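# Architecture and fold: a report
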Amino acid sequence: METEAAARRWVEGWSSAWPAADADAVAALYAEDAQFRSEPFRELQHPRAYAEWAFSEQDEAECWFGVPIVEGDRAVVEYWAVVRFQGRDETIAGIAVIRFRPDGLVAEQHDYCNAHEGRVEPPGGFGT
């Protein structure tokens, strides 16, 4: 699978899985032995374990993704989300640096993100 197609598949997968809190859909995007780090100073985790943990506390979520920037077997994707936890909103903005295998599954992903208390809408034109 071409990297651009794999990156679009990743965006589509996360776009539907995050609001639905669907850890199985997230896991389907990754190779079984994928290296996944959700923040720079966190330990590597299995993507399913991360999704189960992250989704377990969310009441609802909206998310937006930028157009993937692709080079070779790698892609960078910007994301923005507003997640509600126990009645309070948190806005998360970040990038995912992703390396894909030839079959289109994620081999490696490292995210760099920041969180802000409250709801902040994405900048105009984000994700288009």
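Our subject is the structure that appears above.
Bear in mind the structure is a predicted one, so any value in this text is a computation, not a measurement.

What counts, and where the lines are drawn
- Residues numbered from 1 in each chain as written.
- Predicted model: local features only at pLDDT ≥ 70, side-chain atom pairs only at ≥ 80, totals over all residues.
- Heavy atoms only, no water.
- Helix = DSSP H or I, 4+ residues; strand = E, 2+ residues; numbered from the N terminus.
- Buried < 20%, exposed > 50% of the residue type's maximum accessible area, 1.4 Å probe, protein only.
- Polar contact = N/O pair within 3.5 Å; in protein donor to acceptor, adjacent residues only side chain to side chain.
- Phe/Tyr/Trp six-rings, centres within 6.5 Å; stacked < 30°, edge-to-face > 60°.
- Expected span 1.5 Å × (residues − 1).

### Looking at the side chain of threonine 91
With respect to the secondary-structure elements, threonine 91 resides in strand S5 (residues 88-100). The buried category is assigned to threonine 91, whose relative accessible area is 4%. In this structure the side chain of threonine 91 is engaged in a polar contact, spanning 2.7 Å, whose partner is the backbone oxygen of glycine 118. At 2.8 Å, the side chain of threonine 91 and the backbone nitrogen of valine 120 are in polar contact.

### Comments concerning the packing of aromatic side chains
As enumerated under the stated definition, the model contains nine aromatic pairs in all. Each ring, one from tryptophan 10 and one from tryptophan 14, has its centre 6.2 Å from the other, and the planes form 45°; the classification is tilted. Linking tryptophan 10 with tryptophan 14, this pair stays in helix H1 (residues 3-20), spanning four residues, or about one helical turn. Taken as a pair, tryptophan 10 and tryptophan 14 share a single burial class, namely buried. Between phenylalanine 36 and tyrosine 50 the ring centres are 5.1 Å apart and the planes differ by 45°, which places this aromatic pair in the tilted class. Remark: tyrosine 50 occurs in helix H3 (residues 47-56) and phenylalanine 36 occurs in strand S1 (residues 30-37); sequence separation between them is 14 residues. Residue phenylalanine 36 is classed as buried on the basis of its relative accessible area, which comes to 1%. Every member of this aromatic cluster is reached through a ring pair, and the members are Trp10, Trp14, Trp18, Phe55, Phe65 and Tyr79.

### Some details on H1
Taking 1.5 Å per residue, 18 residues should reach 26 Å; H1 reaches 26 Å between its end C-alpha atoms and fits that length. Among the residues making up H1, those that are buried are Thr3, Ala6, Ala7, Trp10, Val11, Gly13, Trp14, Ala17 and Trp18. Where H1 terminates, the next one or two residues include alanine 21, which has phi positive at roughly 55°.

### A short note on unusual backbone geometry
The phi dihedral of alanine 21 is positive, around 55°, even though this residue is not glycine. When you line up the elements, alanine 21 lands in the loop between H1 and helix H2 (23-27). Of note in this structure, glutamine 86 is not a glycine but carries a positive phi near 45°. With respect to the helices and strands, glutamine 86 occurs in the loop between strand S4 (74-85) and S5. Judged by relative accessible area, which is 76%, glutamine 86 ranks as exposed.

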